[in-house]
Amino acid sequence: MHFLELQLHNNLLKAISELGYTEPTLIQEKVIPLVLEGKDVIGSAQTGTGKTAAFALPILQGLLESGHVVKRGKKIAAIVLSPTRELAVQIDEAFKSYAKHTNITSAVVYGGMSIEPQKDILKKGVDVLVATPGRLLDLYKQECFDPTFIETLVIDEADMMMDMGFIDDVQKIEKICPEEKQTLFFSATMPQKVVGLSNMILKSPESVDVSPRSSVAKSVEQLLYYVPKAKKMELCLHILRNTVKGNIIIFRRTKFGVEKLEKSLLKNGYQVASIHGDKSQGARDRVLSDFKAGRLRALVATDVAARGLDIPSLEQVINFELPYNAEDYVHRIGRTGRAGKAGLAISLVSAKE
């Protein structure tokens, strides 16, 4: 299939072409027509499958077709809820890149930063708003966010929302939106609680499942090294010296472990930085920007970085320790081998693990 067959507006096709996309991924091929028909959708897809475009492109198409952007000014027509700041920023960047040849505007709001500049953005008006649930409710309570004109609500990474305790907030947001709206619900995994939530807020949804449960992309080669805990640092340095050509993410379970590894790698002359939950949003944004731009060789991270981050040239992932569950492992190693490219995931496993 070619993108032309999806009946998208020429200005969207132009942006897609400039990004180098010609054929839609499987989830895009299945979801885009359903969204354009106005149906509620529940989508399950493994990471790196192009899920953001699957909801962003038809939302933009709907706005272009309806002319609402011109008719009623910059009133929020679509809300995308995301569990983390990093993911929210990434989704907003995607909307901006797809809408660059249109007059549709998007913005992102999230906690951990001053609320005042975000209030100013909303006062000026915006068509599509990407938000973390807590900050969106704060803005609603302060009467800075008007849900009256919302036509589409997207709940992304619903399983992660559940894990992070955002489900009550998501339900509150769904209730303040108009009853007549389209709801798009995406989750990498479908535990029973997530299915329960989807049943509560979706109306006769179409199901799209393009991923076997807890599966990893076939393009990722997985290696396991059995190594005594005390020798992990030595092996990690050996791998960095001898096998890694491009940039790499190294995952550890704890913030303390991340900082310890970062110091050791800096001592050994590597351009490295870290991200974890205790770092300010500004610091995390700077590190990710440097990493994506190639100014850093390695990024050391807790699982806060495992979900959804799209770093196109990432060749390898090292699990310094295994995560506590299989789903986190799938998300960690899904940072590499994206969009069909080859990737390598190496796990260092001690007897205790």
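See the structure above.
The structure reproduced in this document is the subject of the present report. (Residues numbered from 1 in each chain as written. Predicted model: local features only at pLDDT ≥ 70, side-chain atom pairs only at ≥ 80, totals over all residues. Heavy atoms only, no water.)

### Focus on the state of the cysteines
Moving on, step 1. All chains considered together, the criterion is met by zero disulfides.
Moving on, step 2. Cys144 takes part in no disulfide bond, and the closest cysteine sulfur, belonging to Cys177, lies 16 Å away. (Disulfide = S-S within 2.5 Å.)

### As for helix 12 (residues 255-267)
Moving on, step 1. Relative to the 18 Å expected for 13 residues at 1.5 Å per residue, helix 12 spans 19 Å between its end C-alpha atoms, a close match to the ideal helical length.
Moving on, step 2. Taken residue by residue, helix 12 has Gly257, Val258, Leu261, Glu262 and Leu265 as its buried positions. Taken around the axis of helix 12, the buried residues stretch over an arc of 135°, which confines them to a single face. Facing away from the buried side of helix 12, by more than 90 degrees, are the exposed residues Phe256, Lys260, Lys263 and Lys267.
Moving on, step 3. Phi turns positive, to about 85°, at Gly269, one or two residues after helix 12. (Helix = DSSP H or I, 4+ residues; strand = E, 2+ residues; numbered from the N terminus. Expected span 1.5 Å × (residues − 1). Buried < 20%, exposed > 50% of the residue type's maximum accessible area, 1.4 Å probe, protein only. Arc of directions from axis to C-beta.)

### Section: the nonpolar core
Moving on, step 1. Membership of the largest hydrophobic core comes to 40 residues, with the highest contact counts inside it found for Leu8, Ile27, Val31, Phe55, Leu57, Ile59 and Phe95.
Moving on, step 2. Counting residues per element, the ones that place at least two in this core are helix 1 (10-18), helix 2 (26-36), helix 3 (51-66), strand 2 (78-81), helix 5 (85-98), strand 4 (128-131) and strand 6 (182-187).
Moving on, step 3. For this core, the element with the most residues is helix 3, which contributes eight residues.
Moving on, step 4. Filtering out sequence-adjacent residues up to four positions away, Val31 remains in contact with Val41, Ala54, Phe186 and Val208.
Moving on, step 5. Ile79, Phe145, Ile150 and Val194 belong to the second largest nonpolar core, which has 32 residues in total. (Core = buried A, V, L, I, M, F, W, Y, C linked by side-chain atoms within 4.5 Å. Contact = heavy atoms within 4.5 Å.)

### Some remarks on the pairing of strand 11 (residues 298-301)
Moving on, step 1. The two faces of strand 11 match: Ala298 and Val300 on one face and Leu299 and Ala301 on the other face are all buried.
Moving on, step 2. Relative to strand 11, strand 9 (residues 248-251) runs parallel, the two sharing four bridges. Bridging across to strand 11, Ile249 finds its partner in Leu299.
Moving on, step 3. Sheet analysis places strand 10 (residues 272-275) next to strand 11, joined by four bridges and oriented parallel. Of the residues in strand 11, the one forming a bridge with Ala273 is Leu299. (Pairing = 2+ DSSP bridges.)

### Observations concerning the sheet that holds strand 1 (residues 41-44)
Moving on, step 1. Spatial strand order, 3-4-2-5-6-1-7: seven strands in an open sheet with parallel pairing. The open sheet has two edge strands, strand 3 (106-109) and strand 7 (206-209), and neither has a second partner. Averaged over all pairs of adjacent strands, the angle between their axes in this sheet comes to 15°, without regard to strand direction. (Axes fitted to C-alpha atoms, helices over the stretch in contact; angles between N-to-C directions.)

### Some words on helix 11 (residues 232-242)
Moving on, step 1. Considered for burial, the residues of helix 11 that qualify are Lys232, Cys236, Leu237, Ile239 and Leu240. Along the axis of helix 11, the buried positions cluster into a sector of 160°, meaning they face one direction only. Opposite the packed face of helix 11, turned more than 90 degrees from it, sit the exposed residues Glu234 and Arg241.

### Considering the side chain of Asn319
Moving on, step 1. Structurally, Asn319 can be placed in strand 12 (residues 316-319).
Moving on, step 2. Relative accessible area serves as the criterion here: at 0%, Asn319 is assigned to the buried category.
Moving on, step 3. A distance of 3.0 Å separates the side chain of Asn319 from the side chain of Ser347, its partner in a polar contact.
Moving on, step 4. Discounting chain neighbours no more than four positions away, the residues touching Asn319 are Phe251, Tyr329, Arg332, Ile333, Ile346, Ser347 and Leu348. (Polar contact = N/O pair within 3.5 Å; in protein donor to acceptor, adjacent residues only side chain to side chain.)

### Overview of the pattern of salt bridges
Moving on, step 1. Scanning the entire structure with this criterion turns up 14 salt bridges.
Moving on, step 2. The closest approach of N and O atoms between Arg252 and Glu321, which form a salt bridge, is 2.5 Å. Of this pair, Arg252 sits in the loop between strand 9 and helix 12 while Glu321 sits in the loop between strand 12 and helix 14 (326-333), placing them 69 residues apart in sequence. For the residue pair Arg252 and Glu321, the accessibility class agrees, reading buried in each case.
Moving on, step 3. For Asp290, the salt bridge is made with Arg295, and the minimal N-O distance between the two is 2.9 Å.
Moving on, step 4. Bridged by salt links that share partners, the residues Lys51, Asp156 and Glu157 form one connected network. (Salt bridge = Lys/Arg side-chain N within 4 Å of Asp/Glu carboxyl O.)

### A word on the sheet that holds strand 11
Moving on, step 1. Taken together, six strands build an open sheet; the order of strands is 8-13-12-9-11-10 and the sheet is parallel. Of all the strands in the sheet, the pair left with one neighbour each is strand 8 (220-226) and strand 10. Geometrically, the sheet is characterised by an average inter-axis angle of 20° between neighbouring strands, direction not taken into account.
Moving on, step 2. Packed on one face of the sheet, helix 11 meets strand 8, strand 9, strand 12 and strand 13 (343-349) and runs near 160° to strand 13.
Moving on, step 3. Along the sheet, helix 13 (residues 281-292) contacts strand 9, strand 10 and strand 11; its crossing angle with strand 10, the most-contacted strand, is approximately 135°.

### Regarding the packing of aromatic side chains
Moving on, step 1. Applying the stated criterion across every chain, the model contains three aromatic pairs.
Moving on, step 2. Ring geometry for Phe55 and Phe95: centres 6.3 Å apart, planes at 40°, overall tilted. Taken together, the residues span a long stretch of sequence, with Phe55 in helix 3 and Phe95 in helix 5 at a distance of 40 residues.
Moving on, step 3. Looking at Phe55, the relative accessible area reads 0%, which means it is buried. (Phe/Tyr/Trp six-rings, centres within 6.5 Å; stacked < 30°, edge-to-face > 60°.)

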